[in-house]
Amino acid sequence: MTPRPLPRLAATLLACTCLLSLASPSRAQTALDVQRATRTTFRVDGALRDWSAVPMQRFGDGDDASFEVALAHDDQGLYVAARVRDERMIRTRRPGALEDVLVLTVATPGDGGLEAMEFWLYAGEEGSSAAVALMAAPGERARRPARGVRILESAVPGGYELEAFVPFALIPNPGRISAMRAALRLVDVDVATSPTVEATISSAGAPDAAAATLPEIRTSAGPSAALAAFRRDQGLAGAPVHFDLWGDVAEDEREERVLIIGGSLVVVGEGYREGRGYDFERLGVRATDDVQRARLEDVTGDGKAEIILRLRERDRTGIRANWVVLGTRGAGIEEMFNALVFERTRQGIVRGQVQLRRQRRGAALIDVSSGGVEGVDPATYRASVGGEDELPVMLPWGPLLRRTFQWTGGTFSEVASEPNPQARAATVPATAGASSASRPVATTPEPAVTPPRTLSDDDVLARVRADRGVPASVGARFRTRADVTEGREPEQLVALGGAVVVYGPGFQGGQGYFYFEATSNEADLLALQTADLTGDGKHEIVITFRQNLGEFQRDILLVLQFAGTNIQPLLRVEVARYHGDAERIVNDVQLRTRGRSTTLTIAPGEARGWDASTWPFSGFANDGVAPLLLPWQDEARRYRASDRALVSP
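Owing to the predicted nature of the structure, the values given are computational and were not obtained by experimental measurement. (Residues numbered from 1 in each chain as written. Predicted model: local features only at pLDDT ≥ 70, side-chain atom pairs only at ≥ 80, totals over all residues. Heavy atoms only, no water.)

Taken as a whole and judged by the stated rule, the model has 31 salt bridges. With a shortest N-O distance of 2.7 Å, Arg351 and Glu374 are connected by a salt bridge. In this pair, Arg351 sits in strand β24 (residues 349–357) while Glu374 sits in strand β25 (residues 365–374), placing the two residues 23 residues apart along the sequence. Residue classification places Glu374 among the partly exposed positions, given a relative accessible area of 26%. Residues joined by salt bridges that share partners form a network here, namely Asp289, Asp290, Arg312 and Arg314. (Salt bridge = Lys/Arg side-chain N within 4 Å of Asp/Glu carboxyl O. Helix = DSSP H or I, 4+ residues; strand = E, 2+ residues; numbered from the N terminus. Buried < 20%, exposed > 50% of the residue type's maximum accessible area, 1.4 Å probe, protein only.)

Written out as structure tokens, the structure is:
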């Protein structure tokens, strides 16, 4: 199969756009402009003389509680220049929450989602207090010194000017700064004797805006500007991002960003097209959700990831889906492998399977096989017309059970195949008016045994409902896919009622399922996630469910791990306790992914209605559930795998 340039490939665009200054005050969300600089462009000296050529964005009105700001970055970190108008600045020697402060919130994409950090930039007062920079994750009460941050201020009539430098080493995922989301807010406190927050002015609208709602920064050059140019040129300025992937797919060792936006795939990066351009490909789908799956993985063994997609096509004749490998070698994006894996027509359904098998070294193997049929047989099946280089769907009565392909340096070549002992020739119906001599004769022998087909989603859930007595009115929730057991093919996980169901093509030969009831009440199953918490390459199942304790309720976090086809608990820990709406303690649970493994951290969080003097419990039941963390006495705990359990040192 020879790689070919995709026919709809757009030419590379070298993007260079100019930033527009927002001079008027804004109460809505506003994207922050970030200039490109060198290490000699700005000096952090508290004066803004070297920012005179940089347009500032203004937030707030009047002579009190308003500010102007400009941002820039070089290869080492982020620069902040702010001009604050404040009738009276409130500061103490040990800065806290009820003091004047400028707060910078940044969020960058990690492998498990956005990771955010806040920098609390306190201007000093001459002869009284020095400028201070603190940092903490959003919502954390305890803030620590932001070591490495440089900050200086100078008093000016009606307020002060502040200049700061934040090194990228303090910002999560510094290699993904081009996709950074950011906001600035000014906290204004005007009464020193009885300090209260008089006003909070934020570029993000709501002062407590979640990281996912913050707008991405706008830059004058680099991948962010290239992506903005792509959106503008293709009329996709407001289109949502369907997939946002990061990986080393081309050129140097820096990561590229691969996005699916409005049915198009676009590639940008600091080291891609000199950091100024993009390549894109219209995928030929009718709707964005026709891009059913997307991931990056090295298929060719050269250390660069390929783009693997499952694309759905719909027309009057039916539905088709293809498993496609794209590469970014040479002069743009090219199609390297394309296999039909699904067909639905009036006659029935045909499914194919593609499995990627990694080798210890070199290129991976691509196994293509049949996934079964519904409603068709050799006499009624009619193959659809595919593309020139499209591999047709494998049929259960075809001559081969499996075909195996591998990258051989310039193409994906067939390196192995397995004959099908159940092969049958297709019976072709006679055409009306044809003579008996011209009619093809069926030579199909009846098979002795038809191999069982892999159960579909509907088959599995129907069997679970029948086996467990789950009514049809109970819908499936929390659908997710992850490799939790058996082989490399990801399993499907779904919540049905208060139980978790695990199944898939590689689980029990695609013929069975695993059922675990966490709670008898559907509403009490609160969350279902997966993460590799042990570092063994397999995901663990993370469940949160509610348990009633008379007039009190508690939430329990349960971590399960497959051992063969059985399951064992690695951790049971209480993470919340409630007494109606008035009294509650909810711990802060974080799953942070770095590389292929994930770290579980549980922090005490905040209490409502309870404190050390009113907490009504003298201890916790010895029921195998680790106790709730209490904000007035406990520290955050980080869990690691040890002897078939997750423990906190």
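Let us now look at the pairing of strand β22 (residues 318–327). The buried count for β22 comes to nine of ten residues, which makes it a mostly enclosed element. Two elements, strand β21 (residues 306–315) and β22, share nine bridges in a ladder whose sense is antiparallel. By the bridge assignment, Asp315 is partnered in β22 with Gly318. Where β21 folds back on β22, the antiparallel hairpin that results is connected by two residues. Judged from the nine bridges that link them, β22 and strand β23 (residues 334–344) form a sheet pairing that is antiparallel. Residue pairing for β23: Trp323 is matched across the bridge by Ala339. (Pairing = 2+ DSSP bridges.)

What follows covers the confidence of the model for the protein chain. Of all residues in the protein chain, 87% attain a pLDDT of 70 or more, and the chain-wide mean is 83. By mean pLDDT, the top-scoring element of the protein chain is strand β20 (residues 291–297) (95), and the lowest-scoring one is strand β2 (residues 13–14) (42). The model gives residues 5–27 a pLDDT under 50, and that stretch makes 66 contacts with residues more than four places away or in other chains. Every residue in residues 427–451 is under pLDDT 50, and counting partners more than four places away or in other chains gives 19 contacts. (pLDDT = per-residue confidence, 0-100. Contact = heavy atoms within 4.5 Å.)

Moving on, we come to the sheet that holds strand β9 (residues 132–136). Reading across the sheet, the six strands line up as β10-β9-β8-β7-β13-β14 and stay open at both edges, with antiparallel pairing between neighbours. At either end of the open sheet lies a strand with only one pairing partner, and these are β10 (144–145) and β14 (197–202). In the sheet, strand β13 (residues 181–189) pairs with β14 via five bridges, with the strands oriented antiparallel. The partner of Leu186 across the bridge, within β14, is Ile201.

So, on to unusual backbone geometry. Keep in mind that most residues, glycine aside, have a negative phi and that most peptide bonds are trans. At Asn173, a residue that is not glycine, the phi angle is positive and equals roughly 50°. With respect to the helices, strands and loops of the structure, Asn173 is situated in the loop between β12 (159–167) and β13. For Glu274, which is not glycine, the phi torsion reads 60° and is therefore positive. Tracing the backbone through its elements, the reader meets Glu274 in the loop between β18 (264–269) and β19 (277–282). Classification of Glu274 as exposed rests on a relative accessible area of 62%.

Before going further, it helps to spend a moment on the environment of Ser178. Tracing the backbone through its elements, the reader meets Ser178 in the loop between β12 and β13. Discounting residues that sit within four places of it in the chain, Ser178 has contacts with Glu216, Pro223, Ser224, Trp246 and Glu270.

If you look at the biggest cluster of nonpolar residues, it comprises 38 residues, and the most contacted ones within it are Phe67 and Phe119. Listed by contribution, the elements that provide at least two residues to this core are β5 (66–73), β6 (77–85), β7 (101–110), β8 (113–122), β9, β12 and β13. Residues in contact with Phe67, not counting those within four places in the same chain, are Gln57, Arg58, Phe59, Arg83, Val84, Leu102, Leu184, Leu186 and Ile201. (Core = buried A, V, L, I, M, F, W, Y, C linked by side-chain atoms within 4.5 Å.)

Okay, helix α2 (residues 457–468) next. With twelve residues, α2 ought to run about 16 Å at 1.5 Å a step, and its terminal C-alpha atoms sit 16 Å apart, in line with that. If you check which residues of α2 are buried, you get Val460, Leu461 and Val464. Angular distribution of buried residues about the axis of α2 spans 90°; they occupy a single face of the element. Seen from the open side of α2, the exposed residues pointing more than 90 degrees away from its buried face are Asp458 and Ala466. Those residues of α2 that are buried lie in contact with β28 (476–482), β29 (491–496), β30 (499–503) and β31 (514–517). Immediately beyond the C-terminal end of α2, within one or two residues, lies Gly469, with a positive phi of roughly 70°. (Expected span 1.5 Å × (residues − 1). Arc of directions from axis to C-beta.)

Position of Val285 relative to the elements: it lies in the loop between β19 and β20. Those residues in contact with Val285 that sit more than four places away from it in its chain are Gly263, Asp290, Val291, Leu311 and Arg312.

Turning to the environment of Thr41, a few remarks are in order. Structurally, the position occupied by Thr41 is in the loop between β3 (33–36) and β4 (57–59). Residue Thr41 is classed as partly exposed on the basis of its relative accessible area, which comes to 34%. In this structure, the C-alpha to C-alpha distance between Thr41 and Asp74, residues 33 residues apart in sequence, is 9.0 Å.

With that out of the way, let us pick up helix α1 (residues 223–233). Taking burial as the measure, the eleven residues of α1 include eight buried ones, the bulk of the element. Backbone geometry just after α1 places Gly235 at a positive phi near 65°.

What follows deals with the sheet that holds β28. Pairing is antiparallel in the open sheet, where four strands are placed in the order β28-β29-β30-β31. A single partner strand is all that each edge strand has here, and the edge strands are β28 and β31. On average, each strand axis in the sheet is inclined to that of its neighbour by 20°, with strand direction left out of account. Taken together, the five bridges between β29 and β30 define a ladder with antiparallel strand orientation. The residue bridging Leu493 from the neighbouring strand is Val502, located in β30. The sheet contacts of α2 involve β28, β29, β30 and β31, and relative to β29 the element is tilted by about 40°. (Axes fitted to C-alpha atoms, helices over the stretch in contact; angles between N-to-C directions.)

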